[in-house]
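Structural overview for review
The lines below spell out each chain.
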Amino acid sequence: IEALTKQLSGRVRWRDNMYALQEKGFPILELGPHRPLRGFFKSIGVSTQSIRDLRSAEKIFHELGVIKKSQEIRKEQNVTI
């Protein structure tokens, strides 16, 4: 209980946490229809990418090299729409 009380009543170290994430070298992705953290990240010089829908997810994941775009997959499979 003592540790929980300390965690709940202690200060939140947002800046330290966000800098730590950035130092890991991974892109910071914000998921959801709104971007509540974008301004905060920008104010401390940390860039983010927002995923608001499937189209933006596909674009960002393609840019990161995580997936191929659906157009490329269809081309490889000789599928036309």
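Reading guide: rules and limits
Residues numbered from 1 in each chain as written. Predicted model: local features only at pLDDT ≥ 70, side-chain atom pairs only at ≥ 80, totals over all residues. Heavy atoms only, no water. Helix = DSSP H or I, 4+ residues; strand = E, 2+ residues; numbered from the N terminus. Buried < 20%, exposed > 50% of the residue type's maximum accessible area, 1.4 Å probe, protein only. Contact = heavy atoms within 4.5 Å. Areas by Shrake-Rupley, 256 points an atom, 1.4 Å probe, with all protein chains shown as cover. pLDDT = per-residue confidence, 0-100. Salt bridge = Lys/Arg side-chain N within 4 Å of Asp/Glu carboxyl O. Core = buried A, V, L, I, M, F, W, Y, C linked by side-chain atoms within 4.5 Å. Patch = residues over 30% accessible without salt bridge, like charges linked within 9 Å, V, L, I, M, F, W, Y side chains within 5 Å. Lys, Arg positive; Asp, Glu negative; His and termini not counted. Charge placed at Lys NZ, Arg CZ, Asp CG, Glu CD.

So, the overall build of the protein
The helix and strand tally for the protein stands at five helices and two strands. The burial tally for the protein puts 15% of its 81 residues in the buried class. Considering only contacts within the protein whose residues lie at least 6 apart along the sequence, 18% involve residues at least 24 apart. When the accessible area of the protein is evaluated, it comes to approximately 7100 Å², of which 55% is carbon and sulfur surface.

Here we look at the confidence of the model for the protein
In low-pLDDT regions, the fine details of the predicted coordinates are not to be read closely. When pLDDT is averaged along the protein, the result is 80; 83% of the residues meet or exceed 70. Mean pLDDT values for the elements of the protein range from 65 in helix 5 (residues 70-76) up to 89 in strand 2 (residues 49-51).

Thoughts on the pattern of salt bridges
This structure, assessed with the given rule, holds two salt bridges. The partner of Asp16 in a salt bridge is Arg13, and the shortest N-O contact between them spans 2.9 Å. With a relative accessible area of 37%, Asp16 lands in the partly exposed category.

Focus on the nonpolar core
By size, the foremost hydrophobic cluster in this structure holds five residues: Met18, Ile28, Phe41, Ile44 and Val46. Discounting chain neighbours no more than four positions away, the residues touching Met18 are Ile28, Phe40, Phe41 and Ile44.

Looking at the side chain of Ser50
Its place among the elements puts Ser50 in strand 2. Given the relative accessible area of 13%, Ser50 is considered buried. With sequence-adjacent residues up to four places away left out, Ser50 is seen in contact with Glu30, Arg35, Ser56 and Ile60.

Considering a nonpolar patch on the surface
A surface patch of nonpolar side chains, about 270 Å² in accessible area, is lined by Val12, Trp14 and Leu37. Within the fold, Val12 resides in the loop between helix 1 (2-9) and helix 2 (14-23).

Let's talk about the environment of Phe40
Relative to the elements of secondary structure, Phe40 occurs in helix 3 (residues 38-43). Taking the C-alpha atoms as reference points, Phe40 and Arg15, separated by 25 residues in sequence, lie 9.1 Å from one another. Those residues in contact with Phe40 that lie beyond four places of it in its chain are Trp14, Arg15 and Met18.

Some words on a positive patch on the surface
On the surface, a cluster of positive charge is made up of Arg35, Arg38, Lys42 and Arg52. Relative to the helices and strands, Arg35 resides in the loop between strand 1 (29-31) and helix 3.

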